[in-house]
Amino acid sequence: MATGAGVWLPLAKMALPPPSCDVARAASFNDGGGGVRGEPGRPRPLSWAARAVRGGGGAHAAGMVARGLRALRGALRAGRRRFSTRPARAPATDYQDAIRMLNTLQTNASYLEQVKRERGDPQAQLEAMQGFLERSGLKVEDLDRLNIIHVTGTKGKGSACAFTECILRNYGLKTGFYSSPHLVQVRERIRINGQPISKDLFNKYFWLVYNRLEETKDPAHASMPAYFRFLTIMAFHVFLQEKVDLAVVEVGIGGTYDCTNIIRTPVVCGVSSLGIDHTSILGDTMEKIAWQKGGIFKPGVPAFTVAQPERPLEVLRERAQERKCPLYLCPELDDFEEGCQALELGLAGAHQRSNAALALQLARMWLQRRGCQGLGELKEVPPSTELLGGPVPLAPAFRLTDAMIQGLRDTEWLGRTQVLSHGPVTWYLDGAHTTSSIQACVRWFRQAALSQDKPHDGSEVRVLLFNATGDRDTAALLKLLVPCHFDYAVFCPNFTEVSVANNADQQNFNVTLENALTRCLENQRTWTRLLEEKVGQDPWLPSPLRVGGLLQPAPARGSLLLVPPAPRPLNSPALVFPCLAQALRWVAQGRDPQLAAPTASGAHPHPAASSGAVLLREAAAVRVLVTGSLHLVGGALRLLEPALSQ
């Protein structure tokens, strides 16, 4: 088997890609990667995939893709037939068995279609979720005992939840944390005291819930809940039986129609930064999306949001009024730093400051409403800092306690502004997948990577590894990445070469190879076109900062943006690989101890691949930005950090 930049790919080792990180994050069902099993015997050559990239696309490339995929689809169907969808006969003892059974539940596409059909009747959705919950042995009022912090938003809601959970854990509280999607293992979604529940615990609660639902089937209730609904119910069981002091619950998609909105009386709610995403489900304007997010507001339950555009903020205010919910705007993190040193955040990037500010308000309000001590003394809010003419009152800042400061510092959240230094190769991973989050990612990457000391001989190679899924405008995302002046752009699906038998956490029965690879070829052509158009301006930088080639302070505190003194020519070759493992091996060229060196056989035919391999082997520093999809990042983490799969 060729393991390098070539295109020989044994079907027995080919895994299906995870679905759109964002559709999966949003409605969150079967959102890991996946796989198929091929027939034993000699590996089939996938030369079609590599040959298709030789000319940058076109009808010839499309034809090659179609011919190669015909062979793969047969293997895909054969592989699917090997997985049983029979009901569980008895509780299994193996974690992988539980994950495989979980993966037989309803998949993304059918669930999203159901959401679209039902979204005009949110009560029907919540009633269906309540029915599943009761069949599992819980009542909605049981959830009141979890002392929930409920958080929604478009960008940063997971990070805000992570900050909040870590702050409260530093108060000595036993915390539960439910989030989506997972990056490497499904059990990452359900955490106790910041750690994913153990495989044994996952196995125990999975079969407890699954068998109760099976046993309660009748003609009127013959169905099982979809993937995300099932995991939500399971998380509630885990948190209740493990007796957590509180649960931080991240919304899956939107708010109003999300199955987590079965929660009746959270202690406090939060709304992170809003943006355009999941338009087919939530609407195509910020105002429509804000309406959906405001659906988690509850009567008498305080809610906090960060700075938002004027109209979406007004919609949030209207939703809060409708629901008799007191809504407050979080002050900037700068207001907490007056008279003390700058706060150290465990998550890098200036955009994390608003997430941290939201977390501080959520944590303090939770402590206050639960009658806890050590809240942090409120500061006076001078009239000049009030939101003049704004619809939402500004919450007061307060003096931070040691637990709050330590919590912000200790927060970890994989796949978000994460840096892995593996010898001369440094990987920068961020699951950004909207235009605004890609902008924030680029700012972070410039500060984290391009401001580092340059090699003495100047031999530094920059590589972009990108994939985007769902209905996203990838041209808009890629356009924002062009000013980073990458030497190479690499595109590949989100799947690895790991066999299904060993990787049930990342199985997906809903994403086709044809769609994934065709999308990569489209991204390759888009990148080449953008470079030909010489789109090299920084759309997010005000013009005064584009001078001198120096690090100029940005308006936001703690942010530095690098303007390269001599921008590289915009001639970055674009390469397509059939899977993540081959893409990573080509980039690393045997210099990352976690990755095998590529082999010479079946080498990628694009001339840039050979010359690039030489440059990558000889460069003093290789800096790789992996972005566009949380599932791409998750697949990369699985290969770069094998311990995460244990």
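Notes on the structure in this doc start here. Predicted, not measured: the structure shown is a model, and the values here were computed from it.

**Looking at the pattern of salt bridges**
Piece 1. Considering all chains together, one arrives at 14 salt bridges under this definition.
Piece 2. In this structure, Glu337 and Arg353 form a salt bridge, with 2.9 Å as the shortest nitrogen-oxygen distance. With a gap of 16 residues between them, Glu337 in helix H13 (residues 334-337) and Arg353 in helix H14 (residues 352-369) connect regions that are remote in the sequence. The two residues Glu337 and Arg353 agree in class, both being buried.
Piece 3. A salt bridge links Arg409 to Glu344, with the nearest nitrogen and oxygen atoms 3.5 Å apart.

**Some remarks on the pairing of strand E16 (residues 621-627)**
Piece 1. Within E16, seven of the seven residues are buried, leaving the element largely enclosed by the surrounding structure.
Piece 2. Side chains Ala621, Arg623, Leu625 and Thr627 project from E16 onto one buried face, and the interleaved Val622, Val624 and Val626 project onto a second face that is buried too.
Piece 3. Bridging between strand E10 (residues 425-429) and E16 involves five bridges; their strand directions are parallel. Note that in E16 the partner of Val425 across the bridge is Val622.

**Some remarks on the pairing of strand E9 (residues 418-422)**
Piece 1. Residues of E9 alternate between two faces, with Gln418, Leu420 and His422 buried on one and Val419 and Ser421 left unburied on the opposite face.
Piece 2. As paired elements, E9 and E10 share five bridges and run antiparallel to each other. For Ser421, the partnering residue across the bridge sits in E10 and is Thr426.
Piece 3. Counting the residues that bridge the hairpin from E9 to E10 gives two residues, and of these Gly423 lies at a positive phi of roughly 65 degrees.

**Quick look at the environment of Ala348**
Piece 1. You can see Ala348 is positioned in the loop between H13 and H14.
Piece 2. When sequence neighbours within four positions are dropped, the list of residues in contact with Ala348 reads Thr417 and Trp444.

Thresholds, definitions, all that
- Residues numbered from 1 in each chain as written.
- Predicted model: local features only at pLDDT ≥ 70, side-chain atom pairs only at ≥ 80, totals over all residues.
- Heavy atoms only, no water.
- Salt bridge = Lys/Arg side-chain N within 4 Å of Asp/Glu carboxyl O.
- Helix = DSSP H or I, 4+ residues; strand = E, 2+ residues; numbered from the N terminus.
- Buried < 20%, exposed > 50% of the residue type's maximum accessible area, 1.4 Å probe, protein only.
- Pairing = 2+ DSSP bridges.
- Contact = heavy atoms within 4.5 Å.

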